[in-house]
Amino acid sequence: MHTKKYKKRKLGYIPPEDWSFTNLGDVLESTQYGISTPEDPDGNYEMFKMNNYENGYMSPEELATVSIDKDEFEKYRLNKGDLLFNRTNSHELVGKTGIFNLEG
């Protein structure tokens, strides 16, 4: 049985009432636009795509590969805990979000 109390907010009633809200920009260490390099089956680095978002997390299944140099790879390399937002795509997919919680 649900025992948390709801609190009226601008967005409606949101549980639990002891949650607080803040601006995302106030808690981020850094942001970046991401990469828009086309897939290359012979690429030297793996890349996450929309089909790698599963239940709010990034899945390493069926990764695409891209051909980029080491400096570009280091610029876009993911670290455990990174939050990824889909910024472009179809109406249903814009804003889709996943946490990179993988090792390596």
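To be clear, the structure that these remarks concern was listed above.
Counting from 1, residues in each chain are numbered in the order their sequence is written. Where local features are concerned, this predicted model is filtered to residues with pLDDT of at least 70; where side-chain atom pairs are given and counted, the filter is 80 or more; whole-chain, interface and lining totals use all residues. With hydrogens and water stripped out, all remaining heavy atoms of the structure feed into the side-chain values.

**Digging into the overall build of the chain**
Then, in step 1: Scanning the chain for helices and strands turns up one helix and eight strands.
Then, in step 2: For helices the rule is a DSSP run of H or I covering at least 4 residues; for strands it is a run of E covering at least 2, with both sets numbered from the N terminus onward. Ordered by position from the N terminus, the helices and strands of the chain form the series β-β-β-β-β-β-α-β-β.
Then, in step 3: Each radius of gyration is computed over the set of C-alpha atoms, and the globule rule expresses the reference value as 2.2 Å times the number of residues to the power 0.38. Over its C-alpha atoms the chain spans a radius of gyration of 17 Å, topping by over 25% the 13 Å that the globule rule assigns to 104 residues.
Then, in step 4: For the chain, the spread of C-alpha atoms along the three principal axes comes to 55 × 30 × 25 Å.
Then, in step 5: In this scheme, a residue with accessible area under 20% of its type's maximum is buried, one over 50% is exposed, and one in between is partly exposed, where area comes from a 1.4 Å probe on protein chains only. Considering the chain as a whole, with its 104 residues, one finds that 20% of them fall into the buried category.
Then, in step 6: A contact between two residues is defined here by any heavy atoms of the two lying within 4.5 Å. Taking all contacts inside the chain whose residues are at least 6 apart in sequence as the whole, residues at least 24 apart take part in 41%.
Then, in step 7: Exposure was quantified through the Shrake-Rupley algorithm and a 1.4 Å probe, taking into account, for residues, occlusion by the shown protein chains and nothing else. Carbon and sulfur atoms make up 50% of the accessible area of the chain, which totals about 8500 Å².
Then, in step 8: We count Lys and Arg on the positive side and Asp and Glu on the negative side, and we leave His and both chain ends out. Taken as the charge location is NZ of Lys, CZ of Arg, CG of Asp or CD of Glu. A distance of 14 Å separates the average location of the 13 positive side-chain charges in the chain from that of its 18 negative side-chain charges.

**With respect to the pattern of salt bridges**
Close approach of charged atoms lets side chains of opposite charge pair.
Then, in step 1: One speaks of a salt bridge when a side-chain nitrogen belonging to Lys or Arg is within 4 Å of a carboxyl oxygen belonging to Asp or Glu. Throughout the structure, instances matching the rule amount to four salt bridges.
Then, in step 2: Residue K49 pairs with E39 through a salt bridge whose shortest N-O separation is 2.2 Å. Taken as a pair, K49 in the loop between β3 (45-47) and β4 (53-54) and E39 in the loop between β2 (12-14) and β3 lie far apart in primary sequence, ten residues in all.
Then, in step 3: With a closest N to O distance of 3.6 Å, K70 and E74 form a salt bridge. Here the residue K70 and the residue E74 both occupy positions in helix α1 (residues 70-76), the gap between them amounting to four residues, near one helical turn.
Then, in step 4: K70 gets classed as exposed once you look at its relative accessible area, which sits at 55%.

**Here we look at the nonpolar core**
Then, in step 1: We define a nonpolar core as any set of buried Ala, Val, Leu, Ile, Met, Phe, Trp, Tyr and Cys residues linked to one another through side-chain atoms lying within 4.5 Å. Ranked by size, the top nonpolar core spans six residues in total: Y45, M47, A64, V66, I68 and F73.
Then, in step 2: The next biggest cluster of nonpolar side chains, apart from the first, holds five residues, and it includes Y53, M58, L84 and F100.

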